[in-house]
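# Reading the structure
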2 protein chains.
Amino acid sequence: MNKSFDEIIAKVKECGMKKVAVSVAQDEAVLEAVREAKKRGIADAILVGDAEKIGAIAAQIDMDLSEFQIIHEPDMIQASLKAVKLAHDGEADMYMKGVIDTKNFLKSVLDKEVGLRTGGVLSHVCVFDIPGIDRLLYLTDVAFMTYPTLEDKVNIIKNTLPVAKACGLDCPKIAPLAAVEVVNPKMEVTVEAAELTRMNRKGELTGCIIDGPLSLDLAIDPEAAKHKGATDRPIQGDADVLLFPDIHAGNLVYKAIVHMVPGVKNGCILTGTKVPVILTSRSDTFETKVNSMALAAVVAEEMKKNA
Amino acid sequence: MNKSFDEIIAKVKECGMKKVAVSVAQDEAVLEAVREAKKRGIADAILVGDAEKIGAIAAQIDMDLSEFQIIHEPDMIQASLKAVKLAHDGEADMYMKGVIDTKNFLKSVLDKEVGLRTGGVLSHVCVFDIPGIDRLLYLTDVAFMTYPTLEDKVNIIKNTLPVAKACGLDCPKIAPLAAVEVVNPKMEVTVEAAELTRMNRKGELTGCIIDGPLSLDLAIDPEAAKHKGATDRPIQGDADVLLFPDIHAGNLVYKAIVHMVPGVKNGCILTGTKVPVILTSRSDTFETKVNSMALAAVVAEEMKKNA
């Protein structure tokens, strides 16, 4: 079980560098991350976009482009389709967003001919390495699915399992979170959390241990679980996956951690696709972009093993 | 403007020790907090509850009860009514929960004859002193109101203003939070955030600056606001009050901060009542209980000034 992002990066090196297709690559932050990922042995990149602009930015940041394959396509939509096709055809192991807007990037991901659909639901998972917590935490969904239904939550859980497995965790403990740890019929999220737990106990949703509803202290803090006397629950402060009620709760917690916890590391990918998709945002740091590529690389390796 | 909990405690000392009525005081953690609050010059306590049990616990923790007034009432409901009446009658400046369950404690707060109703809506505010953030943050509502309507949010904001004022902040910047910083008709919370902002601009809701919807990074991180180009917004990473969409989002962020950010300090009170109410929970630390009393004390002082 990988306990830190350093271990994930070490794992990538073990199984060999992966290849990432970058959609509309003419962006300083993206190129810097791509260069670093190659330097660290995480991923080699195929840069799809406006070759002239890519060249100009590379010159500014003193980046040697001769190490990278470049596919010239000045039109953004066309560039995204060419880039995603590389992943679709198996010429790249993962697909990454450049300066194209999210809407058009997702259109390429979902393209019926050259995209990365698998028939399943797409969801987002963010892996956190938090000082003081002795394991990785998987937060989902903090960025993609807005108001997941019970069925969506089942799919989000299923999408998260291969990510945990890629990080060495065969049977993650999953906490469907709420403000409270008991079912309250006036709070639909607690009812759905209990239903997910029931499905897990009855063998309808396997490969994990689900225990909800859980408040965040009972999910992540063993001392709090002990103090509240939650000694008969399958999760006692040792949850791996934090399943959020909706995108507001998830995104606000995600940003609280990123902006308030010193020394935190995280990487995020979109799952439910044929290959892992890296949907970085403008506000992600350089390290987060590199970590997301490392996460995508171990997930890509896991998917290849099972293909 | 107070920038830390130490400053709040210093302020209490300036305006003189307050008096707290404790509802069902026979609890070790409560008595330890009460003793510490007196030692630090924050509050003197009137202990209402089972005098024999209070005495036994005090002996265990080597606490000198001769410093405190004790009102013997072994019945919990009766004890809560006697304690709340002290606050109702002005014999105590604030009201604090002991080992009585929350439901019955709130019944005493809302009691029509001896309770603390003002005709307004009750809400909860939690004040955070977070390392790396140069001001106090006011989180609301993370513990009391479950699914606030637009009207509830107006009342939550109104309840929060005297708390900010008590901490030296006359015109707080209020961020109605969401996962995104633009209005999306499919996300009711963003529509309501925009409406609160409009009400503030039109002078229908004054004494503060409201700017929403805001994502958490734009609300608290000036660098992120700059990076995302939010330079025309009234709030650019300098929000004071974080208004949450619902109790799940609020409570999960609250617990993420408490359990993940090293060196954080916080205190919480219930507002909208005749005097500040301290609704501590079992999982609150000793420091949080003491800080909550200090916060209640400065708010009580502010309310007296305006009475």
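### Concerning the side chain of Glu 192 of chain B
All names here are of chain B.
- Among the structural elements, Glu 192 can be located in helix α7 (residues 188-201).
- By relative accessible area, Glu 192 is classed as buried at 13%.
- A distance of 2.8 Å separates the side chain of Glu 192 from the side chain of Lys 153, its partner in a polar contact.
- In this view, Glu 192 contacts Pro 148, Thr 149, Leu 150 and Lys 153; residues no more than four positions away in its chain are not counted.

### Some words on the interface of chain A and chain B
- Contacts between chain A and chain B engage 38 residues on the former and 38 residues on the latter.
- Summed over both partners, the interface of chain A with chain B buries about 3,100 Å², with 73% contributed by carbon and sulfur atoms.
- Inspection of the region where chain A meets chain B yields two salt bridges.
- Between Asp 217 of chain A and Lys 255 of chain B there is a salt bridge; the shortest N-O distance is 3.6 Å.
- The tally of links between chain A and chain B comes to four residue pairs in polar contact (both at pLDDT 80 or more).
- Elements with a contribution of two residues or more to the side of chain A that touches chain B: α7 (188-201), α8 (216-220), α9 (222-227) and α10 (247-260) of chain A.
- Looking at the side of chain A that touches chain B element by element, the count peaks at eleven residues for α10 of chain A.
- By residue class, the composition of the side of chain A that touches chain B is 23 nonpolar, seven polar and eight charged.

### Description of the packing of aromatic side chains
Residue and element names in this part refer to chain A.
- Per the stated rule, a full pass over the model turns up four aromatic pairs over all chains.
- Between Tyr 95 and Phe 105 the ring centres are 4.8 Å apart and the planes differ by 20°, which places this aromatic pair in the stacked class. With a gap of ten residues between them, Tyr 95 in strand β4 (residues 94-97) and Phe 105 in helix α5 (residues 102-110) connect regions that are remote in the sequence.
- For Tyr 95, a relative accessible area of 0% gives the class buried.
- A relative accessible area of 0% places Phe 105 in the buried class.
- A ring pair is formed by Phe 128 and Tyr 254, whose centres lie 5.8 Å apart and whose planes are at 70°; its orientation type is edge-to-face. Taken as a pair, Phe 128 in strand β5 (residues 123-129) and Tyr 254 in helix α10 lie far apart in primary sequence, 126 residues in all.

### Overview of α7 of chain A
- Its 14 residues give α7 of chain A an end-to-end C-alpha distance of 20 Å, which sits within 8% of 20 Å, the value for a rise of 1.5 Å per residue.
- Looking at α7 of chain A, one finds that the buried residues are Val 189, Thr 190, Glu 192, Ala 193, Leu 196, Thr 197, Met 199 and Asn 200 of chain A.
- Buried residues along α7 of chain A sit against α6 (150-166), β7 (173-176), β8 (209-210) and β9 (241-243) of chain A together with α10 (247-260) of chain B.
- Just downstream of α7 of chain A lies Gly 203 of chain A, where phi reads positive at about 80°.

### Comments concerning the state of the cysteines
All names here are of chain A.
- Here the structure, examined in full by the defined rule, presents two disulfides over all chains.
- A sulfur-sulfur separation of 2.1 Å characterises the disulfide bridge that pairs Cys 126 with Cys 268. On the criterion of sequence distance, the pair formed by Cys 126 in strand β5 and Cys 268 in strand β10 (residues 265-271) is long-range, its members being 142 residues apart.
- Free of any disulfide, Cys 208 has its nearest neighbouring cysteine sulfur in Cys 171, separated by 6.4 Å.
- Taking the relative accessible area as the measure of exposure, Cys 208 reaches 6% and is therefore buried.

### Quick notes on the pattern of salt bridges
- For the coordinates displayed, the defined rule picks out 40 salt bridges over all chains.
- With its nearest N and O atoms 3.2 Å apart, the salt bridge here joins Arg 135 of chain B to Asp 134 of chain B.
- A residue is classified by how much of its surface remains accessible, and Asp 134 of chain B, at 56% relative accessible area, is exposed.
- Among the ionic pairs, Asp 240 of chain B bridges to Arg 135 of chain B, the shortest N-O distance being 3.9 Å. Here Asp 240 of chain B is found in the loop between α9 (222-227) and β9 (241-243), whereas its partner Arg 135 of chain B is found in the loop between β5 (123-129) and β6 (137-140), with 105 residues between them in sequence.
- Connected via shared salt-bridge partners are Glu 181, Asp 217 and Lys 228 of chain A together with Lys 255 of chain B.

### Focus on unusual backbone geometry
Residues and elements named next belong to chain B.
- With an omega of -5°, the peptide bond running from Thr 140 to Asp 141 counts as cis.
- In this structure, Asp 141 sits in the loop between β6 and α6 (150-166).
- Residue Pro 213 is bonded to the preceding Gly 212 through a cis peptide linkage, with omega at 0°.
- As for its placement among the helices and strands, Pro 213 is situated in the loop between β8 (209-210) and α8 (216-220).

### Points about the nonpolar core
- In this structure, Leu 139 and Leu 242 of chain A together with Leu 139 and Leu 242 of chain B are the most contacted members of the largest nonpolar core, which totals 60 residues.
- Among the elements of the structure, β5, β6 (137-140), α8 and α10 of chain A together with β5, β6, α8 and α10 of chain B are those that each provide at least two residues to this core.
- Not counting residues within four places of it along the chain, the set of residues in contact with Leu 242 of chain B comprises Leu 137, Tyr 138, Leu 139, Thr 140, Ala 175, Leu 177, Leu 216, Ala 219 and Ile 220 of chain B.

Cut-offs applied
For every chain, the first residue of the written sequence is number 1, and numbering continues from 1 along that sequence. Both sets of labels track the order of writing: A upward for chains, 1 upward for ligands. Totals for whole chains, interfaces and linings use all residues, but because this is a predicted model, local features are given only for residues with pLDDT of at least 70 and pairs of side-chain atoms are given and counted only at 80 or more. To get the side-chain values, all heavy atoms of the structure are used, and hydrogens and water are removed first. Only DSSP runs of H or I covering at least 4 residues are called helices, and only runs of E covering at least 2 are called strands; the numbering of each starts at the N terminus. Three labels apply to residues, based on accessible area from a 1.4 Å probe with only protein chains included: buried if under 20% of the type maximum, exposed if over 50%, partly exposed otherwise in between. We call two N or O atoms a polar contact when they sit within 3.5 Å, provided that within protein one can donate a hydrogen and the other can accept it, with sequence-adjacent residues counted only if both atoms are side-chain atoms. When checking whether two residues touch, look at their non-hydrogen atoms; a contact exists if any pair is within 4.5 Å. Note on terms: buried area is the combined drop in 1.4 Å-probe accessible area of two parts once they are placed together, counting the loss on both. Put simply, a salt bridge is a Lys or Arg side-chain nitrogen that is within 4 Å of an Asp or Glu carboxyl oxygen. Under the grouping applied here, Gly and all other residues not named as nonpolar or charged are polar, the nonpolar ones being Ala, Val, Leu, Ile, Met, Phe, Trp, Tyr, Cys and Pro and the charged ones Asp, Glu, Lys and Arg. Centres within 6.5 Å make a pair out of two Phe, Tyr or Trp rings, where for Trp the six-membered ring is used; the pair is then stacked when the planes are under 30 degrees apart, edge-to-face when over 60, and tilted otherwise. Helices are assigned an expected span. That span is 1.5 Å times one less than the residue count. Criterion for a disulfide: a pair of cysteine sulfur atoms at a distance within 2.5 Å. Here, the term nonpolar core denotes a set of buried Ala, Val, Leu, Ile, Met, Phe, Trp, Tyr and Cys residues that are joined through side-chain atoms within 4.5 Å.

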